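# Secondary and tertiary structure notes
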Amino acid sequence: MHRPVLLVIAHGSRDPRHAATVHALVERVRSLRPELRVETGFLDFNVPSVQGVLESLAAEEVRDVVALPLLLTRAFHAKADIPAVLREAPARLRIRQTDVLGPSPLLLSTLERRLYEAGLSPADKSSTGVVLASAGSTDPEAIAVIAEIAREWRHTGWCAVRPAFASAGSPAGFPRTEDAVAELRALGCERVAVAPYVLAPGFLPDRITRGAAGADVLADVLGPAPEVARVLLERYDTARRPALTALGA
């Protein structure tokens, strides 16, 4: 049985760091599973486009594709944009869309490791407040997921964890990174750290960086971390499992 091709669908950005990070993550996935064919397509700004990759795969007589949205929350792109693009795919392709990457314990592990790489240690947890800084969304489901991740992370021993949102399109009343930093200062945390819950550099991550000016520690984006690559493979395996079961594999 041929393995379905994994098509990683990224949003794309005018910032070249975005595409470079996406490609580095895909290379990490390939290194973890060399026998799996992994392709990358972008919704906007970068090439190849998702539609172009799908047409190329169909021309090669590929039949099965697992399409993975490179997104941390299930918001507009996962619910509308990506399904719309996939509906325009060549008819010969059988495509299954995976869940988005988050939430996942592996992503929490990545967030924590990025903080340690930025200078914290496990001994600092009880005296450190953390801002979980996401890109933001107008989607209530996505916002609720970020808030729940912050609550869950707080229970692992941090002084406090507060969600923050970089996008100006997030609903009024939701804190920006700088607001959450100030709140943790007022709460009395000995130090404040900002953990960007974003996959790659770009416009909104840069806004998070500016908002973190008053913090003591700023972690890096999730990027091509091995844990993130493992989440991609988990989503791929889950998406193809029904087909494997039907074939008795």
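Up top is the structure.
Criteria and cut-off values
- Residues numbered from 1 in each chain as written.
- Predicted model: local features only at pLDDT ≥ 70, side-chain atom pairs only at ≥ 80, totals over all residues.
- Heavy atoms only, no water.
- Helix = DSSP H or I, 4+ residues; strand = E, 2+ residues; numbered from the N terminus.
- Phe/Tyr/Trp six-rings, centres within 6.5 Å; stacked < 30°, edge-to-face > 60°.
- Buried < 20%, exposed > 50% of the residue type's maximum accessible area, 1.4 Å probe, protein only.
- Pairing = 2+ DSSP bridges.
- Polar contact = N/O pair within 3.5 Å; in protein donor to acceptor, adjacent residues only side chain to side chain.
- Right-handed = clockwise from strand over helix to strand, strands pointing away.
- Contact = heavy atoms within 4.5 Å.
- Axes fitted to C-alpha atoms, helices over the stretch in contact; angles between N-to-C directions.

The subject of this paragraph is unusual backbone geometry. Cis geometry is found at the peptide bond from Val47 to Pro48, where omega equals 0 degrees. Positionally, Pro48 belongs in the loop between strand E2 (38-42) and helix H2 (50-59). Here the amide bond leading from Gly102 into Pro103 is cis, since omega sits at -5 degrees, within 30 degrees of zero. Among the structural elements, Pro103 can be located in the loop between strand E4 (94-97) and helix H4 (105-117). Residues other than glycine seldom take positive phi values, yet Glu61 does so here, at roughly 70 degrees.

For the structure shown, the criterion picks out one aromatic pair. Ring geometry for Trp153 against Trp158: centres 5.9 Å apart, planes inclined by 70 degrees, an arrangement best described as edge-to-face. We note that Trp153, like Trp158, is buried.

Moving on to the side chain of Thr21. Considering the arrangement of structural elements, one finds Thr21 in helix H1 (residues 16-32). Take Thr21: its relative accessible area is 14%, and that puts it in the buried class.

Another point: the pairing of strand E3 (residues 64-69). Burial within E3 is extensive, with six of its six residues counted as buried. Side chains Asp64, Val66 and Leu68 project from E3 onto one buried face, and the interleaved Val65, Ala67 and Pro69 project onto a second face that is buried too. Two strands pair when backbone bridges link them, and strand E1 (residues 5-10) and E3 are joined in this way by five bridges, in the parallel orientation. The residue of E3 that forms the bridge with Leu7 is Ala67.

This part takes up the side chain of Ser137. Within the secondary structure, Ser137 sits in the loop between strand E5 (128-134) and helix H5 (140-154). A polar side-chain atom of Ser137 sits 2.9 Å from the main-chain amide nitrogen of Asp139.

What follows is about the pairing of E4. In regular strands, side chains alternate between the two faces of the sheet. Direction of pairing for E3 relative to E4: parallel, over a ladder of four bridges. Among the inter-strand pairings, Ala67 is bridged to a residue of E4, identified as Gln97. With respect to chirality, the unit in which E3 leads through helix H3 (residues 76-87) into the neighbouring parallel E4 is right-handed.

Mapped onto the elements of the fold, Gly102 is located in the loop between E4 and H4. Spatially, the C-alpha atoms of Gly102 and Val22 are 16 Å apart, while their sequence positions differ by 80 residues. Sequence-distant contacts of Gly102, that is, excluding residues within four places in its chain, are made with Leu71, Leu72, Leu107, Tyr197 and Arg235.

So, about the environment of Arg3. Tracing the sequence through the fold places Arg3 in the segment before E1. With a relative accessible area of 46%, Arg3 lands in the partly exposed category. Considered as a pair, Arg3 and Ala133 are 130 residues apart in the sequence and their alpha carbons are 36 Å apart. Contact partners of Arg3, with chain neighbours within four places excluded, come to Glu35, Tyr236 and Arg240.

Attention now goes to the sheet that holds strand E6 (residues 160-165). Pairing within the open sheet is parallel, and its four strands lie in the order E6-E5-E7-E8. Edge positions in the open sheet fall to E6 and strand E8 (217-218), since each of these has one partner strand only. Bridge count for strand E7 (residues 191-197) against E8 is two bridges, and the pairing is parallel. Bridge pairing in E8 places Ala193 opposite Val217. Packed onto the sheet, helix H6 (residues 177-187) meets E5, E6 and E7 and runs at close to 160 degrees relative to E6.

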